[in-house]
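# Fold and geometry: a report
Listed below, chain by chain, are the residues.
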Amino acid sequence: MTPTPAPTTTPPPVLALDRLTRRYGTLTAVDDVSLRLPAGARHAVIGPNGAGKTTLLNLIAGTDRPDHGTIALDGADITRKPTAKRSRLGIARSFQQPSVIAELSVLDNVVLAGWPHHPQRRGAWRRPSRHRLLKESAGRHLETVGLADLAQRPAATLSHGQRRMLDLAAALAGDPRLLLLDEPAAGLTDGDIGRLLGIIGALPSSVAVVLVEHHVEVVAELATSVTVLAAGKVLVDGPTQEVLAHPEVREAYHGTAPSTGPDDARAEAVPTACPFPTDARG
Amino acid sequence: MELLDAHLVPAVDGVAFGLLLFVVAAGLSLAFGTAGVLNLSHGTLYAIGAYTGAELSDGTWGGLALGLAAGTAAACVAGAGLSAATAPLARRGHLAQALLTFGLALIGGDLLIQFFGADELPVRVPEVLDSSVTLLGHRYPAYRLCFIVMAVLLAAFGTWVLTRTRMGAAVRAAADDPQMLAATGHSPRAVHTGVLAAAGALAGAAGVLGAPIIGPGPGTSENVLMLSLVVVVLGGLRSLWATFAAAVAVGEVQTLGVSVAPELAPYLLFAAMAAVLVLRSRFAEPAGAGHGSAASGPDPVARLRGRLAGLKRSSVWRDRLPRRNRAPAWLARLPGRAAWWRAAPLLVLLGVLIALPALLDAYSISLAGSALALGLLAVSVTVLTGYAGLPTLGQTAPFAVGAYATANLADAGWTMGPVQIVLSALAAAVFAAVVGPAVIRARGTTVLMITLAIGELTGAVVNQLKSVTGGADGLVGFPATQALWGGEGMLEESELYNYVLVVAVVAVALTLLVLRSPAGKLLTGTRGAEARMRASGHPVGRYLLVAHICAGALAGVGGSLMVTVQQYLSPADVGFEIAAFALLAVVIGGTTSVIGALLGAGLIVATRDWVAGSWPGHGPLLLGVLFVATVYVLPRGLAGLRGGGSGGGGQGGPPSDPTGSPGAPGAPGTSDTPRAEDQPPSAPAPTPAGKASP
Amino acid sequence: MLELTGLTAGYHGGTVLHGLDLSVPAGTVHAVVGHNGAGKTTLVHTVAGLMRPSAGTVRLDGRDVTGQPAHRTARAGIGLVPQGRRVFAGLTVDEHLRLSYRPPRRGDTTRPSVWTPARVLELLPRLGERRGNRGADLSGGEQQMLALARALLGSPRVLLLDEPTEGLAPVLVRQIDALVTTLAAEGIAVLLVSPSPAQAVACARTLTVLTSGRMTLRLAGDDARADATELHAALELTATGA
């Protein structure tokens, strides 16, 4: 279950999930999932829709609680800790539907996100000098994601892609040890995806990243290890290239489409998949 | 056995009462669950049926049948009219609906009294039924037994329609996923209209048949509305059987409860409601938090929050203004031109308020003083509703605590104004701190119901705790407040008014300073994107609790001023009507505008007591017209007036921008699309299997 | 025959779909392929009347149905199988069938074929075994069948399928592919939207690749079947971008 070989000095892993299970009624969304991530890991979770990827992320972030199993951050059990506490311990996340405060300015969104993590946070709500420090560091995060020009715009006026970037800036403002990204590339333009790859690639190596993503290419670019979930269970996990080449992964995740070598598998897949004449009227 | 024997009659009464409530509440529940209409005029629909039935009853079967037909038809038509009236509000959330339906209820109530008189109408049931039968050795009115049979038939028929017919399937499908219902070729709008008409018919039929049990009179609508709200809340919105069980339980509490434990009866109902709601919101907490940005969530509560967020607009254009002085934000802000423009309405209002005593007669000045006190109450509601996202009907509770604290302090000889204010605020804050945990976990309409229960429970305490509150008679004859240490007690209206004005200005100024400091943004963030705030490490619960306590203290100050200016205090001053007015004042003001709330409160007091002075007895009608007109004419409330004036309201506003003026793009059938539109295309729709509850 | 011209739509004032032209002749399958967020669901929702386009037209057998509310487009003959199935959780299979059954008006002979509950159950026998079960209690595959049945019972001229194989086991995927082809053979115009090219290649007469709301490639199904390189290149490009 360890996708990356354990370091020889064996410090506790940044994140350790042990037999995590979450049920909704009769549906088991996450089923007995274990995972250990060392500091600086770049780990992707992939799988078809409904496989339990977002639920897993929610369990780690604390917005949802497991029925069984434990979650440990840097060796300390956080299974019962509320979301806000986990954030202050160093878990930051982005949301599948970018979560922005529409009424506030872009800058204020990031100020609020960085607030509980800033060394000068005490009394920042009434001390203008401290609040200015918060704004300055928020401005830096906006530059990172390329929204600095829009800092004073109300967040409500942002496009979908810009909202996603703002959500990312808010996550980065949490100064995380562990960054959870829920489909960060969904709905982005090519240019934005390029920028996203740059931002995540440039994260310090002390930050561990868990990435839920549909774009296999983004996964291949960013992740060094991958877990494939299907119906809540771990189907395969291991180094990225091995996992993506795994035949079962191709079958479950793509139907029949391979991610890297398009030609061979497709040629044989097509005729069996479509037994009927495709042009019935013609 | 003896116990059973003694309580048999009230127990059977409870069944009859419960069935009556079931028929009424089922309509309310349907309208809310399926058509998304929070119908505060549902009690009026019952009253329409009851009055019609009573008027046509002549002691014959024909009279009963005619009454049943006419009453049902009248209420059915009223329900369909309600559907038409609420259609333009489809995108504007439940608070706008509450304002509209409450206004319609006031108008309807007034018209009914015009038409049928202010006295309770006697009902003449057919002679066969107007006798007693023997039930296990007790005499029992035959009509009630007959009513039980008819109510069971009515309930069974309704259940059959809902669960066994194609029409019923369409109704349930509309509650589940109106878009997909539309995709199968059924118009959700038509279903909504049908549901509201059917809900009206049910209420009307219940009114005709139930008139001998809850007779038609001035208090009928409110009584029936309250009880059916409790039933709907207790039963939840999911199943008819739960509603049924809740209705019978409420019926038994109201009859058997009164006969078994008379001293507890006033509390039982709302205590049960509060307990159920608090437990439910606690139980659902982790999932609720997982909803993320609730704006696009599937449940009505989350939708309300989303729409509430949409109701807020002025700050959007405010932020779009060029940044002035960036630095010393909160205390020593050098007023730039924009700040003056922003403060202009406040300054104009202040000028007018200062000049008032010179312009008005003594009675009007005293009214203005009450309006200021109520204004503070409304401002506290704004803090909770507009900033913290907790729409409340319970701020009359800390208001009452402050008011009774001041009255008792004065009685004990503590007449110094500042002492009264501070101690009242403190008492109210402590109260708010105690009940806060029950409020802050819930969201949306659930908060409305929990706070309603808190307000009603406080009202019950006020009525019971005679040694402190004087019970229903109220308190009067306590020494007048001294404005300053050692000064004389204030007796003149203008003196009192000036005292109230000074305190109110200080309180409002403090509130504005805090709300416009970054602390206000913490609240805005919590309301706008709670999941993001939690995920960023903000102790959201703590913020909301602090907001609740501060709002409580503010309401307490309002209560204290109310006592000072009125020189007497009765339970009606802290009752449901005041709570509703405070919330509606806030909605009229534009939900997030402090000055709007003050103006809204002023408008309501002026309408109810001042304008109505020249047309006695029609205060409710005028208020109703005010509410209804506001909903349609000022979709963004009073605060929208300024936004429109600057021309900044339009471009690039939030998608949920409540511009839903009548006849706007929300064409029939597409009224529910914005929810889906808010989801980016990549968002997978929730798999129905995930909705399956254990 | 479904014809879209210059269809433009979006949310939040932002445009997701940019001037798309597309036509689906009766009896054929037109597949739209693109990554998440490319605008596929926006396309489907706009055609189905769940969203209003900001520009462009939707024509059904020459009749303009642009911007009509969803229940009218449904009655005009557009059937929707939405992403995520969205069956009614509290309604039984039987109730779904009864609620959705809308025989064409008398004299309306333009429908490719008329579907009755009996005929739908013949096509999807599994549903017949679960008639008393509620939507929420069905498996993913059964829900997909039910969503399809719901759309068919309006006897549609056009069928919109939004990611019909999402989250289904490979065996079911092939079954759905076969169904799609069968339905096209009935004379229905099928607009199939899918993130993976496999299904599109398997069934479609024409393929359109959608990237950030714009058409980036259109090719004939036969060409794609003969050589999928071009298709894959178009999709690869959209992922890694720049």
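Residues numbered from 1 in each chain as written. Chains lettered and ligands numbered in written order. Predicted model: local features only at pLDDT ≥ 70, side-chain atom pairs only at ≥ 80, totals over all residues.

## Thoughts on the overall build of chain B
Here is the rule we go by: Numbering goes from the N terminus for both helices and strands, where a helix is a DSSP run of H or I of at least four residues and a strand is a run of E of at least two. Working definition of burial: number of other C-beta atoms within 10 Å of the residue's own, with buried at 20 or more, exposed at 12 or fewer, and partly exposed in between, all C-beta atoms being placed from the backbone. Contact definition: two residues whose C-beta atoms, as placed from backbone geometry, lie within 7 Å.
Within chain B, the regular secondary structure consists of 31 helices and four strands. Each of the 694 residues in chain B was classed as buried or not, and the buried ones make up 59%. Considering only contacts within chain B whose residues lie at least 6 apart along the sequence, 79% involve residues at least 24 apart.

## A closer look at the overall build of chain C
The test is simple: Only C-alpha atoms enter the radius of gyration, while the globule expectation follows 2.2 Å times N to the 0.38, with N the number of residues.
From N to C terminus, chain C includes ten helices and ten strands. For a compact globule of 242 residues, the expected C-alpha radius of gyration is about 18 Å, and chain C comes in at 17 Å, within 12% of that figure. Here the C-alpha coordinates of chain C stretch approximately 55 × 40 × 35 Å along the principal axes. The buried share among the 242 residues of chain C stands at 61%. Considering only residue pairs separated by 6 or more positions, chain C has 67% of its internal contacts joining residues 24 or more positions apart.

## Side note on helix α26 (residues 576-589) of chain B
Residue and element names in this part refer to chain B. Put simply, the rule reads: Multiply 1.5 Å by the residue count of a helix minus one, and that product is the helix's expected span.
The end-to-end C-alpha separation of α26 is 20 Å, in line with the 20 Å expected for 14 residues at 1.5 Å each. Of all 14 residues making up α26, twelve are buried, and the element is well covered by its neighbours. Those residues of α26 that fall on the buried side of the exposure criterion are Ile578, Ala579, Ala580, Phe581, Ala582, Leu583, Leu584, Ala585, Val586, Val587, Ile588 and Gly589. Note on α26: the residue one or two positions beyond its end, Gly590, has a positive phi of about 110°.

## Here we look at the domain arrangement of chain B
To keep things clear, this is the line we draw: Here the bounds of each domain stem from an automatic or database domain assignment.
Its domain assignment divides chain B into domain 1 (2-260) and domain 2 (287-309 + 355-573). A separation of 34 Å is found between the C-alpha centroids of domain 1 of chain B and domain 2 of chain B.

## A word on the pairing of strand β4 (residues 55-60) of chain C
Residues and elements named next belong to chain C. The test is simple: Two strands pair under a simple rule: DSSP has to find at least two bridges between them.
Summarising the sheet, strand β1 (residues 2-11) and β4 pair through five bridges and their orientation is antiparallel. Looking across to β4, one finds that Thr8 is bridged to Ala55. Examined bridge by bridge, β4 and strand β5 (residues 63-64) share two bridges and lie antiparallel to one another. The residue bridging Leu60 from the neighbouring strand is Arg63, located in β5. Here β4 hands over to β5 after two residues, with Asp61 in that stretch at a positive phi of 50°.

## Notes on the sheet that holds strand β9 (residues 225-230) of chain A
Residues and elements named next belong to chain A. Note the threshold: Only the contacting stretch of a helix is used when fitting its axis, a line to C-alpha atoms as for every element, and angles between N-to-C directions run 0 to 180 degrees.
Reading across the sheet, the six strands line up as β6-β7-β8-β3-β9-β10 and stay open at both edges, with mixed pairing between neighbours. Every other strand in the sheet has two partners, leaving β6 (91-93) and β10 (233-239) as the edge strands with one partner each. Across the sheet, the axes of successive neighbouring strands diverge by a mean angle of 15°, strand direction being ignored. Across six bridges, the pairing between β9 and β10 is antiparallel. Among the inter-strand pairings, Thr227 is bridged to a residue of β10, identified as Asp237.

## Structural notes on the sheet that holds strand β6 (residues 78-81) of chain C
Pairing between the strands of a sheet is mediated by backbone hydrogen bonds and can be parallel or antiparallel. Residues and elements named next belong to chain C. Strand order in this open sheet of six strands is β6-β7-β8-β3-β9-β10, and the pairing throughout is mixed. Strand pairing shows two members of the sheet lacking a second neighbour, β6 and β10 (214-220), which therefore form its edges. Sheet twist, expressed as the mean angle between neighbouring strand axes with direction ignored, is 15°. Alignment of strand β3 (residues 29-33) against strand β9 (residues 206-211), held across four bridges, turns out to be parallel. Opposite Ala31, over in β9, you have Leu207 as the bridge partner. Lying over the sheet, helix α1 (residues 40-48) contacts β3, β6, β7 (158-162), β8 (189-194) and β9, oriented at roughly 150° with respect to β7. Where helix α6 (residues 140-152) meets the sheet, its contacts fall on β6 and β7, and the angle it forms with β6 comes to roughly 170°.

## Examining unusual backbone geometry
Residue and element names in this part refer to chain C. Positive phi values are uncommon outside glycine, yet Arg86 reaches one of about 50°. A positive phi angle is found at Ser212, which is not glycine, with a value near 45°. Take Ser212: it is sitting in the loop between β9 and β10.

## What to know about the packing of helix α4 (residues 61-86) of chain B against helix α9 (residues 188-210) of chain B
All names here are of chain B. The test is simple: For a crossing to be left-handed, the near helix must be turned anticlockwise from the far one by less than a right angle; the clockwise case is right-handed. Three classes are used, and their members are as follows: Ala, Val, Leu, Ile, Met, Phe, Trp, Tyr, Cys and Pro are nonpolar, Asp, Glu, Lys and Arg are charged, and the others, Gly among them, are polar.
Closest axis-to-axis distance for the α4/α9 pair is 7 Å, and the angle between their directions is 145°. Considering the relative orientation of α4 and α9, their crossing is right-handed. Grouping the amino acids of the contact of α4 with α9 by side-chain chemistry returns 15 nonpolar, ten polar and no charged.

## Some words on the pairing of β10(C)
Residues and elements named next belong to chain C. Bridge count for β9 against β10 is six bridges, and the pairing is antiparallel. Along β10, the bridge assignment pairs Thr211 with Arg214. The turn linking β9 back onto β10 is made up of two residues, and Ser212 within it adopts a positive phi angle of 45°.

## Thoughts on the environment of B:Leu512
Within the secondary structure, B:Leu512 is located in helix α22 (residues 493-516). Separated by 293 residues in sequence, B:Leu512 and B:Gly219 have C-alpha atoms that sit 39 Å apart.

## Some points on the environment of B:Met449
All names here are of chain B. Mapped onto the secondary structure, Met449 falls in helix α20 (residues 445-464). Classification of Met449 by C-beta neighbours within 10 Å gives buried; the count is 23. C-alpha separation for the pair Met449 and Ala249, spaced 200 residues apart in sequence, amounts to 18 Å. If near-sequence neighbours (up to four positions away) are discounted, Met449 is found in contact with Val233, Met273 and Leu277.

## Notes on the packing of helix α18 (residues 396-411) of chain B against α20(B)
Residues and elements named next belong to chain B. Convention followed: Small angles under 35 degrees read as roughly parallel and large ones over 145 as roughly antiparallel, with 65 to 115 read as roughly perpendicular and the rest as oblique.
Between α18 and α20, whose axes approach to 8 Å, the crossing angle comes to 30°. Relative to α20, the element α18 is oriented roughly parallel. Within the contact between the two elements, α18 uses Thr396, Ala397 and Ala400 and α20 uses Ile454, Gly455, Thr458 and Val462. For the contact of α18 with α20, a count of residues per class yields four nonpolar, three polar and no charged.

## Notes on the environment of B:Ala551
Residues and elements named next belong to chain B. Note on placement: Ala551 falls in helix α25 (residues 540-566). Residue class for Ala551 comes out buried when judged on the 29 C-beta atoms lying within 10 Å of it. For the pair Ala551 and Leu384, spaced 167 residues apart in sequence, the C-alpha to C-alpha distance is 6.9 Å.

## A short note on the confidence of the model for chain C
Residue and element names in this part refer to chain C. As a reminder, the rule being used: For every residue, the predictor assigns a confidence score, pLDDT, that lies between 0 and 100.
Confidence in the prediction of chain C, expressed as mean pLDDT, is 88, and 94% of residues score 70 or more. Within the model, pLDDT remains below 50 along residues 238-242, and this stretch shows 16 contacts once partners closer than five positions in the same chain are excluded. Two summary scores accompany this predicted model of the complex, namely pTM at 0.82 and ipTM at 0.94.

## Points about helix α5 (residues 160-172) of chain A
Compared with an ideal rise of 1.5 Å per residue, which puts 13 residues at 18 Å, α5(A) spans 18 Å between its outermost C-alpha atoms and is within 8% of the ideal. Burial analysis of α5(A) places 13 of its 13 residues in the buried class, the great majority of the element.

## Quick look at the confidence of the model for chain B
Here chain B averages 81 in pLDDT, and 83% of its residues register 70 or above. Low pLDDT, under 50, characterises residues 285-334 of chain B; the predicted model gives this stretch 123 contacts beyond four residues in sequence or across chains.

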